[in-house]
Amino acid sequence: MTASLKPRYSRIAGTGGYLPSRRLTNADLARQLAAQGIATSDEWIVERTGIRARHFADDGVPCSDLAVRAARQALETAHCKAQDIDLIIVATSTPDMVFPSTACIVQNKLGIHGCAAFDVQAVCSGFTYALAVADAMLRTGAAHKALVIGAEVFSRILDFTDRTTCVLFGDGAGAVVLEASHRPGIVASELHADGRHVGILCVPGTVSGGHVQGVPLLRMDGPAVFKLAVNVLEKVARSVLEKAGRTEADIDWLIPHQANVRIMQGTARKLKLAMDKVVVTVDEHGNTSAASIPLALDVAVRSGRVARGDTLLLEGVGGGFTWGAVLLDY
Ligand SMILES: CC(C)(COP(=O)(O)OP(=O)(O)OC[C@H]1O[C@@H](n2cnc3c(N)ncnc32)[C@H](O)[C@@H]1OP(=O)(O)O)[C@@H](O)C(=O)NCCC(=O)NCCS
């Protein structure tokens, strides 16, 4: 078999992450909410979610700024020039504009022009969706080097009069450079959605006739989301492992979407994985939606926990309802 006929894979060449400098602890947030007569506490938030702090972007800082910071770091780690990138996918639910896509704005800020650039909207599963799409495009030869970014300014869509949701989320961005390769790389991926659950996690607003129609802030039935999340995260993990001919024992690191440490513990328990094989950043980041998985990956790589050759299972779940998993040899 000639080299050009060898099966193509895609592999992560470098990672990057960015958190805005404004960090709010649970106590900071509790003080802010108390001023509006809303009661919460560090104890409640830590016990129910594992979250201790989150980062918020300053007013006026758009999603694309965070995305570009993470992307530049990923390019540097991958020893890759922005000009080498021929595909940009940004997973976000908090884009700079209704259109054009945040990916186009990122492309311009990086000073590169002409390559394909588009957003993926799958809320907290967004990064697994974006990674699976980029992998498919690289494997067919449609692109050779992709920037896959998850970036969010979720603070902009939070209702700070609703204590059941506003304590859970944060802002941030994570990115990877994904390059075509003759060896894996990504070994299997799977994406799912079930639109029957639109109502349990949504921002039910839109723009029409120059006005916002409906509620442009996050609404969530937390307990319903919790139950669905643990269920689908176990199923999709098993399914993607089976597809790759591997088992739970082959996983070096589980890098799940960082929504709530109890969801991660529930998933790990079902998969019979010890928690010391699970990357947890929700304590310091909160739920950064599409940014949470690439941010957690970048933290784990930079801390030396994730090493070249490790097998990683990335999995996400979020509004839609959407869920997905990507199994890869790092
Ligand atoms: C939201 C979540 C933390 C709530 O935890 P829970 O254990 O289910 O708590 P409940 O919603 O049953 O609420 C329990 C009580 O705490 C109260 N409470 C809710 N938020 C609170 C807060 N921030 N501070 C203090 N009390 C709070 C509720 O009002 C309720 O009080 P009541 O019993 O007097 O009515 C949990 O359901 C969750 O994490 N769900 C998944 C959310 C998620 O991950 N979403 C993103 C997925 S991508």
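Worth saying up front: this structure is predicted, and the values here are computed from it rather than measured.

Once that is clear, we can look at the pairing of strand β5 (residues 116–120). Of the pairings in the sheet, the one linking strand β4 (residues 87–91) to β5 comprises five bridges and is parallel in character. Looking across to β5, one finds that Ile89 is bridged to Phe118.

We now examine the sheet that holds strand β7 (residues 171–181). Here five strands make up an open sheet; going across it, the order is β1-β7-β6-β4-β5 and the pairing mixed. Two strands in the sheet have a free side with no partner beyond their single neighbour: β1 (9–18) and β5. Strand-to-strand twist in this sheet, taken as the mean axis angle between neighbours without regard to direction, amounts to 20°. Contacting β1, β6 (145–153) and β7, helix α3 (residues 63–77) runs over the sheet at an angle of about 125° to β1.

What follows covers helix α8 (residues 261–270). Three or more residues of α8 are buried, namely Val261, Ile263, Met264, Gly266, Thr267 and Ala268. On its buried side, α8 packs onto α2 (42–49), α7 (222–243), β13 (253–256), α9 (282–285) and β14 (311–318). N-cap assignment for α8: the residue whose side-chain oxygen lies 2.7 Å from the backbone N of Arg262 is Asn260. Following α8 by one or two positions, Lys272 has its phi on the positive side, about 55°.

So, on to the packing of α7 against α8. In the contact formed by α7 and α8, the axes pass within 9 Å of each other and the chain directions differ by 40°. Between α7 and α8, the crossing angle belongs to the class labelled oblique. Crossing handedness for the pair α7 and α8: right-handed. Of α8, the residues touching α7 (which contributes Phe226, Ala229, Val230, Leu233, Glu234 and Arg238) are Arg262, Ile263, Gly266, Thr267 and Lys270. Residue classes in the contact of α7 with α8 are distributed as five nonpolar, two polar and four charged.

With respect to spatial proximity, 22 residues lie near the ligand, and among them Thr40, Arg48, Arg163, Gly222 and Asn260 are the closest. A distance of 2.7 Å is found between an oxygen atom of the ligand and a side-chain nitrogen or oxygen belonging to Arg48. Between the ligand and Arg262, the relevant distance is 3.4 Å, taken from an oxygen atom to a side-chain nitrogen or oxygen of the residue. For the ligand, whose unbound accessible area comes to 960 Å², protein coverage reaches 72%. Those elements that provide at least two residues to the shell around the ligand are α2, α6 (163–166), α7, α8 and β14. If one sorts the elements of the shell around the ligand by residue count, α7 sits on top with four residues. In terms of residue class, the shell around the ligand is built from eleven nonpolar, eight polar and three charged.

Another aspect to go through is helix α4 (residues 102–109). Every buried residue of α4 is accounted for by Thr102, Ala103, Ile105, Val106 and Gln107. Residues of α4 that are buried in the fold lie against α3, β4, β5 and β6. The first or second residue beyond α4 is Gly111, which carries a positive phi of 75°.

Before going further, it helps to examine unusual backbone geometry. For residues other than glycine, phi is negative in most cases, and the peptide bonds are mostly trans. With an omega of 5°, the peptide bond between Phe99 and Pro100 qualifies as cis. Along the chain, Pro100 turns up in the loop between β4 and α4. Pro184 connects to Gly185 through a cis peptide bond whose omega is 5°. Mapped onto the fold, Gly185 is located in the loop between β7 and β8 (186–193). Despite not being glycine, Lys272 shows a phi value in the positive range, around 55°. Inspection of the secondary structure puts Lys272 in the loop between α8 and α9.

Per-chain confidence: the protein chain averages 96 in pLDDT, with 98% of residues scoring 70 or above. Looking across the protein chain, the model is least confident in strand β10 (residues 205–208), with a mean pLDDT of 95, and most confident in β4, with 99.

For the structure shown, the criterion picks out one cavity of 30 Å³ or more. Roughly 30 Å³ of volume is contained in the largest cavity. Partitioning the lining of the largest cavity into residue classes produces five nonpolar, two polar and no charged.

A few words now on the pattern of salt bridges. Tallying each qualifying case throughout the model produces 15 salt bridges. Two residues, Arg246 and Asp329, come together in a salt bridge whose shortest N-O distance is 2.8 Å. Taken together, the residues span a long stretch of sequence, with Arg246 in the loop between α7 and β13 and Asp329 in strand β15 (residues 322–329) at a distance of 83 residues. One continuous salt-bridge network, built from bridges that share partners, spans Glu234, Arg238, Glu248 and Lys270.

Parameters at a glance
Residues numbered from 1 in each chain as written. Predicted model: local features only at pLDDT ≥ 70, side-chain atom pairs only at ≥ 80, totals over all residues. Heavy atoms only, no water. Pairing = 2+ DSSP bridges. Helix = DSSP H or I, 4+ residues; strand = E, 2+ residues; numbered from the N terminus. Axes fitted to C-alpha atoms, helices over the stretch in contact; angles between N-to-C directions. Contact = heavy atoms within 4.5 Å. Buried < 20%, exposed > 50% of the residue type's maximum accessible area, 1.4 Å probe, protein only. Polar contact = N/O pair within 3.5 Å; in protein donor to acceptor, adjacent residues only side chain to side chain. Parallel < 35°, antiparallel > 145°, perpendicular 65-115°, else oblique. Left-handed = near helix turned anticlockwise from the far one by under 90°. Nonpolar A, V, L, I, M, F, W, Y, C, P; charged D, E, K, R; others polar. Near = heavy atom within 4 Å. Areas by Shrake-Rupley, 256 points an atom, 1.4 Å probe, with all protein chains shown as cover. pLDDT = per-residue confidence, 0-100. 1 Å grid on protein atoms, 1.4 Å probe; cavity = no way out; pocket = protein on both sides within 12 Å on 5 of 7 lines; lining within 4 Å. Points joined across faces, edges and corners; volume = space filled by probe spheres on them. Salt bridge = Lys/Arg side-chain N within 4 Å of Asp/Glu carboxyl O.

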